Amino acid sequence: MTTGYNFAYLNEQTKRMIRRALLKAVAIPGYQVPFASREMPMPYGWGTGGVQVTASILTPQDTLKVIDQGADDTTNAVSIRKFFVRTAGVATTEETEKASIIQTRHRVPEAALREDQILVYQVPIPEPLRFLEPRETETRKMHALEEYGIMHVKLYEDIARHGHIATAYAYPAKVNGRYVFDPSPIPKFDNPKLDDCAALQLFGAGREKRIYAVPPYTKVRSLDFEDHPFSVQKWEEPCALCGSTTTYLDEIILDDKGKRMFVCSDTDHCRKSQEKAA
Amino acid sequence: MYVAVKGGEKAIDAAHRLLGEERRGNPEIPEITTTQIGEQLTLAVDRVMTEGSLYDRELAAVAIKQARGDLIEAIFLIRASRTTLPRYGYSTPIETSDMLIRRRISAAFKDMPGGQILGPTFDYTHRLLEFEASETPAAPVETGPADLDRTMPRVLDLIGAEGLIEAASSTSGEPGDLTREPLAFPADRDLRLQSLVRGDEGFLLALGYSTQRGYGRSHPFAGEIRYGEVSVSFTPEELGFEIEIGAIDITECEMINQFKGSAGVPPQFTRGYGLSFGQCERKAMSMALVDRALRVRELDEEQTAPAQDEEFVLSHADNVQATGFVEHLKLPHYVDFQAELELLRRLRREVQGLDQEAAE
Amino acid sequence: MTKPLLIAENISKYYDGRVACEKVNFELWPGEVLAIVGESGSGKTTLLKCLSMQIAPNAGRALYSLRDGRTESLSDLSEAERRFLMRTDWGFVHQDPREGLRMGVSAGANVGERLMAVGERHYGRIRSTALDWLNRVEIAGDRIDESPRNYSGGMRQRLQIARNLVTAPRLVFMDEPTGGLDVSVQARLLDLLRGLVRTLGLSVVIVTHDLAVARLLSTRILVMQQGKVIETGLTDQVLEDPQAPYTQLLVSSVLQV
């Protein structure tokens, strides 16, 4: 463990400031709470929001799991896990069941989470309205007045052009019947896992200086039309390693002749399934 | 049998070792010292301190060396280090009219009380590569009459006495601190200026330039540019009085801009303000141009140009934020890409299906 | 009991101390079409912007009779109420349709947006309503998925009208709606507008410099010069027998019927 820094890098003043923002975020599910995001020793856009949230809630007794694209051994997950080992000396794990805090980029673990777990998401663009309306002053008003018609304009356009909604990830949803929010760039496959989840879900956007939350057992409803209901991705073949037909699969290109295979994106879940089968 | 890619951790360690080697370069060439950087690459140090928001020449030199001369990377290192420092309090405002002047020029007047002092500048050098000069020790410069410490009133105060220029806005409230509170829009001038000081020199240069070329034109004159040393004071709570804690070099630029008047205000000159640590003159000037451009709301001007668009300028000026987000595209995105692949295949299948139907 | 839909009380707006419009008073009754005429710079567009709350007047106020029967000063409404009004009970037809349309999305989405904004969540219904409205403004249904970028100027203007009328607004503001169009296209649009106004019983405040437009569409007229209302009355009366010298000049020089 590296000395010379406070536990989990951030000083206590900063952690308190972030915890206050977190409390507000939990109190108003889906509302983006501005917070004074700090410069971190990793670049903006590489998980500084998630890292600050994790650093603020971490205790020496915690067991931390970090994933990126569902896997524990992707470079950025390794780098963030190492950061907390160095600055906080906490125990780490690759097993979803054993973790008390899971920091993630782009995926929700396949295994159902429990009440004693916290899932921390890294968020690049927290504002679901951003690409429809670039101005913060305007989007803030739209949230305040619950003016979300424009979100459906986008979905309408998708259906008019493609026959169905063509948003595959970062699929907007409404939390607790009030705020429309961006669940971060997880595939829409993962959206149903956010709904009524037992674990606390925290979202940190460092560069954009926003924190938001989905408290345990909160309603998260993906936006759709009555006659074009929300649906998730399906694959035609099972995972080539564990045989799962219910998980999100990555496509692996095997040679230059277009030969490919599909394997679970959640490496821990896949390994567990293989062990069970053996 | 396929085995998923492993070994991210090993690869990272190896990459870091390789980076260390590359940074060192050929081991037969003497290693550059941070003292040398601090003494000889002073303008690089100044920029890193300004945009890094931390006045520490030694740390800036360390950062430049560690970053292999990549100044944005060095700024990033300084910002990350600054994050961890506890905040004891705020200094009292520095007084630039008490500056120990090393350079002071005005383009608006031929001469003024205190005179024009050229100081160390590239301005009138011929840009010819001096192949030998770098090796020869320079003869000590004869400095002029040693009266440079005489009082030098600020040029804008001279015309201010006539009422020809707006008063320098002195909001009575405490200025905000955007490193403690997130920037909210619309932002007041105190926060805009803070944001601009930290902003990327290149970005502000381009924006300032665009105002000169007609995109948000405000007819600027360099009222005064001054560079030198000012003292910094602090009032510790337990003492209750002000003590001087050190001195810093800064550059200040005050632009004079045309203004045609509005509903309640007769025509007068307006101000644009720029400030930097060290001698970042280009930065201070660009900042002053952009500061003036961003004052459209308070001056009731029409917003037409990018440099006048507060949300656009302030949201994109920070190079640490910008480089992070641009470079994050290097991180794996294969889960999202998979989602797009699946969608695209489905869309294409459907189109082909329709074509077939049409053919049948 | 009927009462005025919109009341202007002493509305004044100054720019840099210069009068843009001053002390304008009128009442607009349900089903009435009021034309504000005058040359450019006479303050008619400023007045329209004050009435539709795009800019705040320096003095005076506009009162509006809400659907629930209350009559409120527009400046007293909360931002939420105002914005709701603008996307349900009001319409605004800009001279340049690009200002009133979302050029990046299809014609269908342009018409459907207001429906979705008030909570419609059934794609099929939104689409059939959009088709119906395209039909009413004489745009072929098979062009519903095209971007208005592909549309001619006249079609864009008709699309803008459909987009505004889909939520059955009670009051529509129009700013030189035929301004940028060829004469032949203008005639067709005016015809269409007149038909829609009559069948829907719309109340309209229309700004135009063209007395022919005013004659064709409006029931009452308000003549402005240098920011002030110099003459007002029933359109036919004012145009047949103008009282103010400026109006006389306007009528004699423009209206060679």
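The structure displayed is predicted, hence computed values, not measured ones. (Residues numbered from 1 in each chain as written. Chains lettered and ligands numbered in written order. Predicted model: local features only at pLDDT ≥ 70, side-chain atom pairs only at ≥ 80, totals over all residues. Heavy atoms only, no water.)

Engineer: Can you walk me through the packing of aromatic side chains in this structure?
Structural biologist: Centre-to-centre distance and the angle between the planes together describe a pair of aromatic rings. Within the structure shown, the criterion is met by 18 aromatic pairs over all chains. With centroids separated by 4.9 Å and ring planes inclined at 70 degrees, the aromatic side chains of A:Tyr171 and A:Phe230 adopt a geometry described as edge-to-face. Of this pair, A:Tyr171 sits in the loop between helix H5 (149-162) and strand S6 (173-175) while A:Phe230 is found in the loop between strand S10 (220-222) and strand S11 (249-253), placing the two residues 59 residues apart along the sequence. Under the relative-accessibility criterion, A:Tyr171 is labelled buried at 1%. We classify A:Phe230 as partly exposed; its relative accessible area is 21%. Note on C:Trp90 and C:Phe173: the rings are 5.1 Å apart at their centroids and 75 degrees apart in plane angle, and the pair reads as edge-to-face. Here the residue C:Trp90 occupies a position in strand S6 (residues 90-93), and C:Phe173 occupies one in strand S7 (residues 171-175), the gap between them amounting to 83 residues. Exposure class is identical for C:Trp90 and C:Phe173. Each is buried. A network of ring pairs unites the aromatic residues A:Tyr5, A:Tyr9, A:Phe83 and A:Phe84 as a single cluster. Geometry around A:Tyr179 places A:Arg178 over its ring, the cationic atom sitting 4.2 Å from the centre. Lying over the aromatic face of C:Trp133, C:Arg136 brings its terminal NZ or CZ to 4.3 Å of the ring centre. (Phe/Tyr/Trp six-rings, centres within 6.5 Å; stacked < 30°, edge-to-face > 60°. Helix = DSSP H or I, 4+ residues; strand = E, 2+ residues; numbered from the N terminus. Buried < 20%, exposed > 50% of the residue type's maximum accessible area, 1.4 Å probe, protein only. Lys NZ or Arg CZ within 6 Å of the ring centre and 35° of its normal.)

Engineer: What am I meant to see in the sheet that holds strand S4 (residues 59-65) of chain C here?
Structural biologist: Picture the strands of a sheet paired through backbone hydrogen bonds; they go either parallel or antiparallel. Residue and element names in this part refer to chain C. The sheet built from four strands is open, its strands ordered S2-S1-S4-S5 with antiparallel pairing. In the strand order of this sheet, the two ends are held by strand S2 (18-28) and strand S5 (71-73), each with one partner. Taken pair by pair, the neighbouring strands of this sheet meet at an average axis angle of 20 degrees, ignoring direction. Pairing between S4 and S5: three bridges, direction antiparallel. Residue pairing for S5: Ser 65 is matched across the bridge by Thr 71. Helix H1 (residues 44-51) contacts strand S1 (6-15), S2 and S4 of the sheet and is inclined by roughly 120 degrees relative to S1. (Pairing = 2+ DSSP bridges. Axes fitted to C-alpha atoms, helices over the stretch in contact; angles between N-to-C directions. Contact = heavy atoms within 4.5 Å.)

Engineer: Would you explain the confidence of the model for chain C in this entry?
Structural biologist: Segments scoring low in pLDDT should not have their predicted coordinates read at a detailed level. Counting all residues, the mean pLDDT for chain C is 91, and 98% of those residues have values of 70 or more. Interface scoring of the predicted complex returns ipTM 0.87; its pTM is 0.82. (pLDDT = per-residue confidence, 0-100.)

Engineer: Can you walk me through the pairing of S6(C) in this structure?
Structural biologist: Across a regular strand the side chains alternate sides, sitting on one face of the sheet and then on the other. Residues and elements named next belong to chain C. Neither face of S6 is left uncovered, since the one carrying Trp 90 and Phe 92 and the one carrying Gly 91 and Val 93 both have all their residues buried. Note: S6 against S7, four bridges, orientation parallel. Within S7, the position partnered with Phe 92 by the bridge is Phe 173.

Engineer: Can you walk me through the interface of chain A and chain B in this structure?
Structural biologist: Each partner contributes to the interface: chain A provides 64 residues, whereas chain B provides 50 residues. The tally of links between chain A and chain B comes to five salt bridges. Measuring nitrogen to oxygen at the nearest pair gives 2.8 Å for the salt bridge that ties A:Glu251 to B:Arg345. Taken together, chain A and chain B are joined by 22 residue pairs in polar contact (both at pLDDT 80 or more). Looking at the side of chain A that touches chain B, the elements with two or more residues in it are helix H3 (75-88), helix H4 (136-144), S11 and strand S12 (260-264) of chain A. (Salt bridge = Lys/Arg side-chain N within 4 Å of Asp/Glu carboxyl O. Polar contact = N/O pair within 3.5 Å; in protein donor to acceptor, adjacent residues only side chain to side chain.)

Engineer: Sorry if this is basic, but what is going on with the nonpolar core here?
Structural biologist: One broad trend across soluble globular proteins is that nonpolar side chains are buried collectively. Among the nonpolar cores identified, the biggest contains 66 residues, and A:Tyr156, A:Phe225, C:Val111, C:Leu159, C:Val204, C:Ile206 and C:Ile221 are the most heavily contacted of them. Ranked by the residues each element gives to this core, the list is headed by H5(A), at seven residues. Beyond its immediate stretch of four places on either side in the chain, C:Ile221 contacts C:Leu34, C:Ala35, C:Val37, C:Leu211, C:Ala214, C:Glu231, C:Thr232, C:Gly233, C:Thr235, C:Val238 and C:Leu239. Among the nonpolar cores identified, the runner-up in size contains 33 residues, and A:Leu10, A:Val51, A:Ala55 and A:Ile57 belong to it. (Core = buried A, V, L, I, M, F, W, Y, C linked by side-chain atoms within 4.5 Å.)

Engineer: What exactly am I supposed to notice about the pairing of strand S8 (residues 200-205) of chain A here?
Structural biologist: All names here are of chain A. Within S8, six of the six residues are buried, which leaves it mostly tucked inside the rest of the structure. Burial along S8 is two-sided: Leu 200, Leu 202 and Gly 204 and Gln 201, Phe 203 and Ala 205, pointing in opposite directions, are all buried. As consecutive antiparallel partners, S8 and strand S9 (residues 210-214) are separated by four residues, and within that stretch Lys 209 has a phi angle of approximately 60 degrees, a positive value.

Engineer: Which parts of the structure should I look at to understand the pattern of salt bridges?
Structural biologist: If the charged atoms of two oppositely charged side chains come close together, the side chains can form a pair. Following the criterion strictly, the structure yields 82 salt bridges over all chains and no others. Among the salt bridges present, the one from A:Asp116 reaches A:Arg114, with a minimum N-O distance of 3.0 Å. C:Arg102 is the partner of C:Glu113 in a salt bridge, and the nearest nitrogen-oxygen pair spans 2.8 Å. Residue C:Glu113 is located in helix H4 (residues 107-117), and its partner C:Arg102 is located in the loop between helix H3 (97-100) and H4; the two are separated by 11 residues in the primary sequence. Through salt bridges with shared partners, a single network forms among A:Glu94, A:Glu95, A:Glu97, A:Lys98, A:Asp268, A:Arg271 and A:Lys272.

Engineer: Can you walk me through the domain arrangement of chain B in this structure?
Structural biologist: By convention, interface size is frequently given as the accessible area that disappears when the constituent parts associate. Residue and element names in this part refer to chain B. Split by domain assignment, chain B resolves into domain 1 (9-82) and domain 2 (96-121 + 148-168 + 176-319). The C-alpha-based centres of domain 1 and domain 2 are spaced at 29 Å. Counting residues at the interface gives 13 residues for domain 1 and 16 residues for domain 2. Summing the contributions of domain 1 and of domain 2, the shared interface buries around 1,300 Å²; its carbon and sulfur component is 51%. When residues of domain 1 are sorted by the area they lose upon contact with domain 2, Thr 50, Tyr 55 and Arg 79 head the list and together hold 44% of the total. When the shortest N-O distance is used, the salt bridge between Arg 47 and Asp 200 registers 3.0 Å. Taken together, the links from domain 1 to domain 2 amount to nine residue pairs in polar contact (both at pLDDT 80 or more). Here the side of domain 1 that touches domain 2 gets six residues from one element, more than from any other, and that element is helix H3 (residues 42-52). (Domains from an automatic or database assignment. Buried area = accessible area lost by both parts, 1.4 Å probe.)

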